[in-house]
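If you want the building blocks of each chain, they are given just below.
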Amino acid sequence: MTCIFSCLRSTSLNASMANMKSLPSGALAPRTSLVGTPLRAGCTKSRRQIEQWQTRAIAAPERTYDVLDKAEESRLQETDAFAELVHLSKKQSVNKPQKGELDFRQSPTFHDCFPGSEKCYTEIEHNGSTLRVPFRRVHLTEDAGHFDLYDTSGPQGVSAREGLPKIRAEWVAKRDARGDKVQTQQFYAKQGVITEEMAFCAARERIEPEFIRSEVARGRAIIPANKRHTELEPTVVGRAFLVKVNANIGNSAVSSSIEEEVEKLQWSTIWGADTAMDLSTGANIHETREWVMRNSPVPVGTVPIYQCLEKAGGIVENITWELFRETLIEQAEQGVDYFTIHAGVLLRHIPLTANRVTGIVSRGGSIHAKLCLLDHTENFAYMHWDEILDICAEYDISLSIGDGLRPGCIADANDAAQFAELKTQGELTRRAWARDVQVMNEGPGHVPLHKIPENMEKQLDWCSEAPFYTLGPLATDIAPAYDHITSAIGAATIGALGTALLCYVTPKEHLGLPNRDDVKAGVIAYKIAAHAADLAKGHPYAQEWDNALSKARFEFRWYDQFNLSLDPVTARLFHDATLPQEPAKTAHFCSMCGPKFCSMQITQELRDYAQKHQIDEGQAAEAGMAQMSEQFKSVGAEVYLDEATVEVNA
Ligand code: SF4
């Protein structure tokens, strides 16, 4: 295996400029760095002013995207809730042609968001293919070298209209040419084959490919990678690896558009989302997903029952197994990498939710429960599980077995309904493995901290160590508008115990459809949770990152502290809010404690003193205290001194 570093800052920008010429008029501009854009003739703003504006625009964009138009707003205020639901269900449609040209907005790019970093690739030769594995290289100041970070931002400088390069097309074509009947990652792993996807993930994780293969073969890890999603940069999900973060995107019947959903996808992967779920329930579900798939460098998951309900005219009673099966195949053909299917919601589990405070809160879970109760029949997804596995095996779609009976509030955590479903998930997991289909299990929801360990222990035991994928959990219910924080607390806790994939929660949870800024807040909160979990698990890569930032902080390398952080622009904005001058970027203090009380500066002085006098820091501290004691005695050993004495001894 060879490994070559190649940094592509200039080539990606040149490529994007070349693309611009070939676009039709009115089409979107390719995603190029605003920093690299020439100023217009006659523009009176200096480059510095524009960069300052750009910096603020990234951290706090002025526009909000979920504002209803005035007519819609007043209609919503006039109608009652029931009438509104009826209205919305009529309004929903599938594959409604998009009105007019799509008008993709240029999002801030990698270089806008990470000004001190470079997008680089490691090149690896594997089975005759060259794999280009991305990473973020942070350039440090004062000869400190560089620091490399895992990167999920995807190819840059690519027009959303054209879609990302199909890097997996060659890998899949080789398997088709060989006539491989089964092409799932688990099948290959069980045969002892290290696929291109495994080698790619190994390079990203900086571990041996053989370890990834063995974990995938055992079912303890998955690489969600539909063979139709050739734009994918593979990622591994398992508790032996870096904890991953999922971002939910998707429109609703009330809000959003294709352009906004593609922008949310780009925005979430820029900030570090490892996977994305398109949970669209509004108009143009198929078309929205197509744009998302063709522009996603990360695995994309869906909850197919949502689109099924759309096709059934919003009427649960009209959903059939045939309609569901048709929807699975439609999404499989588009390249969806993992399906959330609530096959563990069994007829006998539903009465267990009767005395809950918030009943069944999962959309998919409630649809399946209603279908069960309508005819008093078993969940069709459970009954047709083997046929679902056939579809998943055909495309290598991973199953994310849904937690339709997850607790929707703290009072319902760890109850009989939740755990009955978890046990069924275990049975479905082992049946999937028997067909070489990759599986993860979804988990709660709302769980107080002291009840989290039981969730992890039971999942590992009952589901035979398949990867756990949890929504939060929210550690308390009392903070609507801050649920990215309440849930990140639970996510860090369960991640440290072994959860492999954390589904983010945004500040809009329980309140409304997230916009681009909410997506960023959710992803950053969950990157913190995932990294805290990695540290707790003793991941060496996680520890190195902390050490690099801590060192930069202690040495007052302010730019390095900003650039090594999850959100360099916001970190710098906060610093510059009080000390914007350039010399403050080398100052040995900030505005929090000021120059006289900067404890890190005082510690450095202590160390300098120790070095100068050839003593250790403890002796230096003692020497310093003895010196101060002598000084105290020399001015009369008085606690309060007059001003003249203070000035003389200062
Ligand atoms: S002034 Fe306080 S907060 Fe700022 S660098 Fe020094 S110790 Fe840290």
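Residues numbered from 1 in each chain as written. Predicted model: local features only at pLDDT ≥ 70, side-chain atom pairs only at ≥ 80, totals over all residues. Heavy atoms only, no water.

Labelled according to an unreviewed UniProt entry, the protein chain appears under the name ThiC-associated domain-containing protein, originating from Coccomyxa viridis. The UniProt entry for the protein chain carries this comment under Function (unreviewed entry): "Catalyzes the synthesis of the hydroxymethylpyrimidine phosphate (HMP-P) moiety of thiamine from aminoimidazole ribotide (AIR) in a radical S-adenosyl-L-methionine (SAM)-dependent reaction." Its UniProt record, at the heading Cofactor (unreviewed entry), says of the protein chain: "[4Fe-4S] cluster". (UniProt positions renumbered as here; feature names shortened; annotations may be inferred.)

> Report on the nonpolar core, specifying residues and quantitative values.
Residues I341, I388 and L399 are the most contacted members of the largest nonpolar core, which totals 88 residues. Take this core: its biggest share by element is 8 residues, from helix α20 (residues 516-536). Discounting residues that sit within four places of it in the chain, I341 has contacts with F324, L328, A381, W385, I388, L399, S400, I401 and G402. Core analysis: the second largest hydrophobic core is formed by 13 residues, C201, A202, I212 and V216 among them. (Core = buried A, V, L, I, M, F, W, Y, C linked by side-chain atoms within 4.5 Å. Buried < 20%, exposed > 50% of the residue type's maximum accessible area, 1.4 Å probe, protein only. Helix = DSSP H or I, 4+ residues; strand = E, 2+ residues; numbered from the N terminus. Contact = heavy atoms within 4.5 Å.)

> Could you give me a rundown of unusual backbone geometry, with the residues and numbers involved?
In this chain, P444 is followed by G445 through a cis amide linkage whose omega measures 5°. Structurally, G445 can be placed in the loop between β12 (439-443) and α18 (452-462). Cis rather than trans, the peptide bond between G472 and P473 has omega equal to 10°. Looking at the element boundaries, P473 is found in the loop between β13 (468-471) and α19 (483-497).

> Go over the sheet that holds strand β9 (residues 300-302), please, and point to the residues and values.
Backbone hydrogen bonds hold the strands of a sheet together, and the pairing may be parallel or antiparallel. Taken together, the 8 strands give a closed barrel; going around it, the order is β7-β8-β9-β10-β11-β12-β13-β14, and neighbouring strands pair in parallel fashion. This sheet shows a mean twist of 25° between the axes of neighbouring strands, independent of strand direction. Where β9 meets strand β10 (residues 338-341), 2 bridges bridge the pair, whose relative direction is parallel. Each bridged residue has a counterpart across the sheet, and for T302 the counterpart in β10 is F339. Contacting β10 and β11 (398-401), helix α16 (residues 385-395) runs over the sheet at an angle of about 140° to β11. (Pairing = 2+ DSSP bridges. Axes fitted to C-alpha atoms, helices over the stretch in contact; angles between N-to-C directions.)

> Residue-level account of helix α21 (residues 540-554), with values.
Its 15 residues give α21 an end-to-end C-alpha distance of 21 Å, which sits within 8% of 21 Å, the value for a rise of 1.5 Å per residue. Next to the buried residues of α21 lie β4 (146-150), α20 and α22 (558-563). Note on α21: the residue one or two positions beyond its end, F556, has a positive phi of about 55°. (Expected span 1.5 Å × (residues − 1).)

> Pulling in residues and values, what's your account of the confidence of the model for the protein chain?
For the protein chain, the average pLDDT comes to 84, and 83% of its residues sit at 70 or higher. The low-confidence segment residues 56-69 (pLDDT under 50) makes 32 contacts with residues lying over four places distant or belonging to another chain. Every residue in residues 79-98 is under pLDDT 50, and counting partners more than four places away or in other chains gives 32 contacts. (pLDDT = per-residue confidence, 0-100.)

> Residue-level account of the pairing of β13, with values.
On a regular strand, each side chain points to the face opposite its neighbour's, so the side chains alternate between the two faces of the sheet. Side chains F468 and T470 of β13 all project onto a buried face; the interleaved residues Y469 and L471 project onto the opposite face, where all are buried too. Judged from the 3 bridges that link them, β12 and β13 form a sheet pairing that is parallel. Bridge pairing in β13 places N441 opposite F468. Crossover β12 to β13 through α18 is right-handed. Across 3 bridges, the pairing between β13 and strand β14 (residues 501-503) is parallel. Counterpart to T470 in the pairing with β14 is L502. Chirality of the crossover, the property in question, places the unit of β13, α19 and β14 among those that are right-handed. (Right-handed = clockwise from strand over helix to strand, strands pointing away.)

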